[in-house]
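Here is how the chains run, residue by residue.
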Amino acid sequence: MVAALLILFFVFAGLYADILWFDQLHYLGVLLTQWGTGIALFFVGFLGMAIPVFVSISAAYRFRPIYARLGSQLDRYQQVIEPLRRLATFGVPIVIGLFSGVSASTRWEAVLLYFNRTQTGTVDPQFGMDVSFYLFDLPFWHGVVGFASAIVLVAGLAGLGTSYLYGALRVAGREVRISKGARVQVAVTAALYAALQAVSIYLDQFLTLTQGAGKLVTGATYADVYAVIPGRQILALAAGIVAILFIVTAVIGRWRLPLIGTALLVIASIVVGSIYPWVVQRFQVDPSEATLEKAYIERNIAGTRDAYGIAGVEETTYEASTDATAGALRNDAETTANIRILDPAIVSPSFGQLEQFKQYYLFSNDLDVDRYTIDGKTTDAVVAVRELNQDGLGAGTTWYNRTVVYTHGYGLVAAYGNQRSADGQPVFIESGIPSSGALGDFEPRVYFGENSPAYSIVGGPEGADPIELDYPSGGGTGDSQIYNTFTGDGGPKLDNWFNRLVYALKFQSEQVFLSNAVTSSSQILYDRDPKTRVQKVAPYLTLDSDAYPAVVDGRLQWVIDGYTTSSSYPYSEVQSLSSAIADTYTPEPAYAVDDINYIRNSVKATVDAYDGSVTLYAWDPTDPIIRSWQKVFPNTIKPVSDMSAQLISHVRYPADLFKVQRTVLGTYHVTDPGTFYSKNDSWRAPNDPTSPQTDPTLQPPYYLTMKVPGADDPSYSLYSTFIPNQSGSASRSILTGYLAVDSDAGATAGEKSAGYGKLRLLSLADNDVPGPGQVQNIFKSDTSVANQLALLTRGDTTVDYGNLLTLPVGGGLLYVQPVYVRSSGETQYPLLRKVLVSFGENIAFEDTLDLALDSLFGGDSGADAGDTGVPSDTTPGDGTDTGTDGGTDGGTDGGTTTPETNAALTAALADANQALQDRQAAYAANDLVAAAQADQRLQAAITAALAASAG
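Since we're looking at a predicted model, the values are computed, not measured.

Conventions used here
Residues numbered from 1 in each chain as written. Predicted model: local features only at pLDDT ≥ 70, side-chain atom pairs only at ≥ 80, totals over all residues. Heavy atoms only, no water. Helix = DSSP H or I, 4+ residues; strand = E, 2+ residues; numbered from the N terminus. Buried < 20%, exposed > 50% of the residue type's maximum accessible area, 1.4 Å probe, protein only. Contact = heavy atoms within 4.5 Å. Areas by Shrake-Rupley, 256 points an atom, 1.4 Å probe, with all protein chains shown as cover. Lys, Arg positive; Asp, Glu negative; His and termini not counted. Charge placed at Lys NZ, Arg CZ, Asp CG, Glu CD. Pairing = 2+ DSSP bridges. Axes fitted to C-alpha atoms, helices over the stretch in contact; angles between N-to-C directions. Core = buried A, V, L, I, M, F, W, Y, C linked by side-chain atoms within 4.5 Å. Domains from an automatic or database assignment. Salt bridge = Lys/Arg side-chain N within 4 Å of Asp/Glu carboxyl O. Polar contact = N/O pair within 3.5 Å; in protein donor to acceptor, adjacent residues only side chain to side chain. Phe/Tyr/Trp six-rings, centres within 6.5 Å; stacked < 30°, edge-to-face > 60°. Lys NZ or Arg CZ within 6 Å of the ring centre and 35° of its normal. Parallel < 35°, antiparallel > 145°, perpendicular 65-115°, else oblique. Nonpolar A, V, L, I, M, F, W, Y, C, P; charged D, E, K, R; others polar. UniProt positions renumbered as here; feature names shortened; annotations may be inferred.

### Observations regarding the overall build of the chain
Link 1 in the chain: The helix and strand inventory of the chain stands at 27 helices and 34 strands.
Link 2 in the chain: Structurally, the chain occupies a C-alpha span of about 120 × 85 × 65 Å along its principal axes.
Link 3 in the chain: By the burial criterion, 51% of the 951 residues in the chain qualify as buried.
Link 4 in the chain: A separation of at least 24 residues holds for 69% of the contacts in the chain among residues at least 6 apart in sequence.
Link 5 in the chain: Carbon and sulfur atoms make up 55% of the accessible area of the chain, which totals about 41100 Å².
Link 6 in the chain: Between the averaged position of the 60 positive side-chain charges in the chain and that of its 95 negative side-chain charges there is a distance of 18 Å.

Right, dumping it as structure tokens:
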């Protein structure tokens, strides 16, 4: 008994802690609605299963034959079971009912959506039903019919078993004898089951519009419309007739008619349900498939494009020039000035070395891209939050330190995306401890972040000495510390012994209850990851894989995109969400169970980094699913009109949605049914050229401020490229398309910009434009580039290739790739030393993007890049600076050159390249002597090159 009470109290403590957490966030209604619906469905499932099973067992026992002659085997069974009969009569229904209740309680979302469904105003082309029928009604009624069928089946089996055990049903050879009471019970049960199958088969005809397995396209095809759907209507009618025949049997006692009817139903289901559709497909459709399926392909194209929000994509043919002429970028000056050369996936160690300050801070491995208005101009920025890293405490890892002292991170660090310093470091917009820079005053403390501790206890009595470490004084370089006390409303209060006991049990730490640092003014912060908080208060949303920070109205906010999804949209192609969004930044799970065929970015959510408050905004109020959830959880989602101008200015088009849309557009950019059927114009996203060849990943889309052909002005955009969807030796990395979306929501309070979300697809007419894979190969195989890279990697330095960007400028496509150098010693972080650029068949490799563009476009590109003015060791076009210091000298080498030096350097580099090739050939031939000789020549050539460079 004591153990049972302890278990119950532990369960109660967990539930009570949930109530406190949701109540503090002002989303208690969400939790109570979930619990209330789940409990109601549990009792519906429990009683709905337990009562029929109990009635079936009781009826079979009550109407048993009193004086039936049983076999010796049944007699022994009765003797064993009879003492337990009453227990079994109640126990079996209860146990089965518990399982049924738990199963039913998990269906709370489908039930709530059905009772709060919203019409879409769009009807399907086959049945003329509103699309909401497929999104809300059909899943609900299929669940109801399936549950009812399970009840009737289990109850029927329980009744049959009881009847057999007590002699109401006897089998003697080929003869089956059944009592009148058992006959009525069995016949009525069978009638109910047949009637439910009739309803199920009738509903199945609507499923043809959402099924795609084994068919040309998702949706009802020719064979479905002319064979499967009529067949299911016929079978539904036949099953209804069989149900009536079983009722007749219950009255007159003759089994022949229902048994014959059941046999005919089985035969009909084989003939009408399988054979006839196969005959239609094989002998009528297949010989003329392109013609007969045309109308249904058109339905699939229209349904898919509507469901994924790509129906309004603006497609234009782009005649990409490959001639890098002088002044070609003059009309793209603003785009050129905003080309991002700082790779957020590479520079995190640089942020750490320059801005971490103490071992108990860290930055995320993959940083984020945002934009800020600096001196009246909008600029792209690479941003990161300086979060708490308790693993860095070392010997200071005690409960007290981890829970009440080291409680939060501090500050946002932002760097210009288009600039670098003379020594290759980021140029910071906002940095330091305390935070300073161009972003103005804001609350820098990060109590809620992606790396926050599991829980912290904060707050204290007014006037008491603060004990929470705020930040190291002296700009992070001194040993003294600044302390503070949390003053927000961020977590449940520990203002009584019972709450402290509850959380001591929840986190399995007696210190929560005993520590004198826990006072009546204390709060406990937990579930601190921004995505976790949003997911708990909005469990109906699918969240974007990336939450990003932004300074909004004097607060540091995490912005998270939320999606409403469905797999029941008629005539829409199904995609695995996890597979569609997988790329270099987002790994694909081993087992994906998230198939969808409808998605909307219906909600923008923010989480305050200081107090953890969660705010939801209905970003797409036309979405029927989010409108239905707003009925379920009223007053939890605010309208867009409540969004401030600063928040609107930091909203962006979500990358995961864009990745799903590019996956779909790879096939569904084709709108002509004939071309679609031939499948000769299928595209896919290219592999990331910087990913390992042994385990390639898709290239992620990138955020850039640029003017896309067809747009009136430059805007913050998200883009990706396409190559032919081929595999094996036939695959070619040539560009076939360029997809960009306007990601700038404007800067007007409560109003989205008119252009936000506009998709533009450039279809390349010239099939010889190299794709990212080809361009990367050209970069790596170019002799001049290879020679300079060989010098960059001498000694204890390595080279990292940054993100390979593609921009539609100068009438063609410009590729830009930053090249980083890092030491392989104990202290290593990447420094931006070179920039590779390509346009058509021309490439350039210079110290800065500005120099590289001028070198590429005949000495004058016509526009300035963001790194204009950065000192260089070379003149444009000579490409002789190697940056071999690896980031160790702060960029102070000067690097002056003369024509004589350049000639000597060129000869030395040529000798080094030849030595490299000779060494590779020697190793391939397993000639170690020749390889050693080539090594000696290589070392001599490098020495000569260094001497020429220094001369």
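Picking up after the structure, the text goes on.
### Quick look at the environment of A198
Link 1 in the chain: The residue A198 is located in helix α7 (residues 180-207) in this model.
Link 2 in the chain: Assessed through its relative accessible area of 10%, A198 is described here as buried.
Link 3 in the chain: In this structure the C-alpha to C-alpha distance between A198 and L237, which are 39 residues apart in sequence, comes to 6.7 Å.
Link 4 in the chain: Setting aside residues no more than four positions away along its own chain, A198 makes contact with A236, A239 and G240.

### Side note on the sheet that holds strand β5 (residues 368-374)
One key point about sheets: their strands pair by backbone hydrogen bonds, in either a parallel or an antiparallel sense.
Link 1 in the chain: Strands sit in the order β5-β6-β9-β10-β11 across an open sheet of five strands; the sheet is antiparallel. Only two strands of the sheet have a single neighbouring strand rather than two, namely β5 and β11 (436-437).
Link 2 in the chain: Pairing geometry for strand β6 (residues 377-385) and strand β9 (residues 412-416), over five bridges, is antiparallel. Paired with V383 across the strands is A414, a residue of β9.
Link 3 in the chain: This element, helix α13 (residues 348-355), spans β6, β9 and β10 (428-431) of the sheet and lies at about 50 degrees to β10.

### Points about unusual backbone geometry
Link 1 in the chain: Cis geometry is adopted by the peptide bond preceding P434, which originates at I433 and carries an omega value of -10 degrees.
Link 2 in the chain: By the secondary structure assignment, P434 is in the loop between β10 and β11.
Link 3 in the chain: Positive phi is not limited to glycine here, since D553 has a value of about 50 degrees.
Link 4 in the chain: Within the element layout of this structure, D553 appears in the loop between β18 (548-552) and β19 (555-566).
Link 5 in the chain: Positive phi is not limited to glycine here, since Y571 has a value of about 65 degrees.
Link 6 in the chain: Note on placement: Y571 falls in the loop between β19 and β20 (575-576).
Link 7 in the chain: Relative accessible area serves as the criterion here: at 1%, Y571 is assigned to the buried category.

### Considering the nonpolar core
Link 1 in the chain: In this structure, Y372, L412, Y540, L616 and W629 are the most contacted members of the largest nonpolar core, which totals 125 residues.
Link 2 in the chain: In terms of residue count, the dominant contributor to this core is helix α21 (residues 655-668) (seven residues).
Link 3 in the chain: Counting residues domain by domain, this core receives three or more from each of domain 1 (13-178) and domain 3 (339-528).
Link 4 in the chain: With near-sequence residues (within four places) excluded, L412 lies in contact with Y372, V383, A384, V385, E430, S435, L439, F442, P549, V551 and L556.
Link 5 in the chain: By size, the runner-up hydrophobic cluster in this structure holds 60 residues, among which are F779, L804, L805 and V835.

### Considering the side chain of D544
Link 1 in the chain: Along the chain, D544 falls in the loop between β17 (542-543) and β18.
Link 2 in the chain: Of the buried charged residues, D544 lacks a salt bridge, with R652 as the closest side chain of opposite charge at 5.5 Å.
Link 3 in the chain: Only 2.4 Å separates the side chain of D544 from the side chain of Y563, close enough to count as a polar contact.
Link 4 in the chain: With near-sequence residues (within four places) excluded, D544 lies in contact with K531, D561, Y563, P654, A655, D656 and L657.

### Examining the domain arrangement of the chain
Link 1 in the chain: We note that the domain assignment places domain 1 (13-178), domain 2 (201-287), domain 3 (339-528) and domain 4 (905-950) within the chain.
Link 2 in the chain: The distance between the C-alpha centroids of domain 2 and domain 3 comes to 63 Å.

### Things to note about the packing of aromatic side chains
Link 1 in the chain: Here the structure, examined in full by the defined rule, presents 47 aromatic pairs.
Link 2 in the chain: Between the aromatic rings of W619 and Y756, the centroid separation amounts to 5.4 Å while the plane-to-plane angle is 90 degrees, which identifies the pairing as edge-to-face. Linking W619 in the loop between β23 (614-618) and α19 (624-632) with Y756 in the loop between β28 (737-742) and β29 (759-764), this pair joins segments that are 137 residues apart in sequence. Each member of the pair W619 and Y756 is classed as buried.
Link 3 in the chain: R528 extends its terminal NZ or CZ atom over the ring of F448, reaching a point 6.0 Å from the ring centre.
Link 4 in the chain: The cationic tip of K752 hangs over the ring face of W619; the distance from NZ or CZ to the ring centre is 4.7 Å.

### Points about the environment of Y416
Link 1 in the chain: Structurally, Y416 can be placed in strand β9.
Link 2 in the chain: When its relative accessible area of 16% is taken as the criterion, Y416 is described as buried.
Link 3 in the chain: Counting along the chain gives 54 residues from Y416 to D470, while the straight-line C-alpha distance between them is 27 Å.
Link 4 in the chain: Apart from the residues within four sequence positions on either side, Y416 is in contact with L342, I374, T379, D380, V427, F428 and I429.

### Some words on the pairing of β18
Link 1 in the chain: Most of β18 sits out of view: five of its five residues are buried.
Link 2 in the chain: In β18, alternate side chains face the same way, and those of Y548, A550 and V552 on one face and P549 and V551 on the other are all buried.
Link 3 in the chain: Both β18 and β19 contribute to a ladder of five bridges, which runs antiparallel. Note that in β19 the partner of V552 across the bridge is R555.

### A look at the packing of helix α2 (residues 28-62) against helix α5 (residues 108-115)
Link 1 in the chain: The geometry of α2 relative to α5 is characterised by a closest axis approach of 10 Å and an angle of 100 degrees between their N-to-C directions. The angle between the axes of α2 and α5 places the two elements in the roughly perpendicular class. Of the residues in α5, those in contact with T33, Q34, T37 and L41 of α2 are W108, V111 and L112.
Link 2 in the chain: Here the contact of α2 with α5 is composed, by residue class, of four nonpolar, three polar and no charged.

### Overview of the pairing of strand β32 (residues 814-823)
Link 1 in the chain: Burial within β32 is extensive, with 10 of its 10 residues counted as buried.
Link 2 in the chain: Neither face of β32 is exposed, since L814, V816, P818, Y820 and R822 on one face and Y815, Q817, V819, V821 and S823 on the opposite face are all buried.
Link 3 in the chain: Bridge count between strand β30 (residues 797-801) and β32: five bridges; the pairing is antiparallel. Bridge pairing in β32 places V799 opposite V821.
Link 4 in the chain: Here strand β31 (residues 805-807) pairs with β32 via three bridges, running antiparallel. Bridge pairing in β32 places L805 opposite V816.
Link 5 in the chain: The hairpin formed by β31 and β32 contains six residues between the paired strands, and G810 there has a positive phi angle of roughly 60 degrees.
Link 6 in the chain: In this structure, β32 lies alongside strand β33 (residues 831-839), joined through eight bridges in antiparallel fashion. The partner of V819 across the bridge, within β33, is K834.

### Looking at the UniProt feature "transmembrane region" (unreviewed entry) in the chain
Link 1 in the chain: In this structure's numbering, the residues bearing the UniProt feature "transmembrane region" (unreviewed entry) are residues 41-63, 84-104, 140-166, 186-203, 234-252 and 259-279.
Link 2 in the chain: A helix fraction of 100% and a strand fraction of 0% characterise residues 186-203, whose end C-alpha atoms lie 26 Å from each other.
Link 3 in the chain: Segment residues 259-279 splits into 100% helix and 0% strand. End C-alpha atoms: 28 Å apart.

### Here we look at the pattern of salt bridges
In a structure, side chains of opposite charge can pair up when their charged atoms sit close to one another.
Link 1 in the chain: All chains considered together, the criterion is met by 20 salt bridges.
Link 2 in the chain: Note that R760 is salt-bridged to E314, the shortest N-O span being 3.7 Å. With a gap of 446 residues between them, R760 in strand β29 and E314 in strand β3 (residues 314-318) connect regions that are remote in the sequence.
Link 3 in the chain: Of the charged contacts in the structure, one is a salt bridge between R445 and D470, with a shortest N-O distance of 2.8 Å. Of this pair, R445 sits in strand β12 (residues 445-446) while D470 sits in strand β14 (residues 468-472); the two residues are 25 residues apart in sequence, bridging distant segments of the chain.

### With respect to helix α15 (residues 497-506)
Link 1 in the chain: Taken together, the buried positions of α15 are occupied by N499, R500, V502, Y503 and A504.
Link 2 in the chain: Buried residues along α15 sit against α1 (2-25), α16 (511-514) and β16 (523-526).
Link 3 in the chain: For α15, the side-chain oxygen to backbone nitrogen distance between the N-cap and F498 is 3.1 Å, and the N-cap itself is N496.
Link 4 in the chain: Q508 sits one or two residues past α15 and shows a positive phi near 50 degrees.

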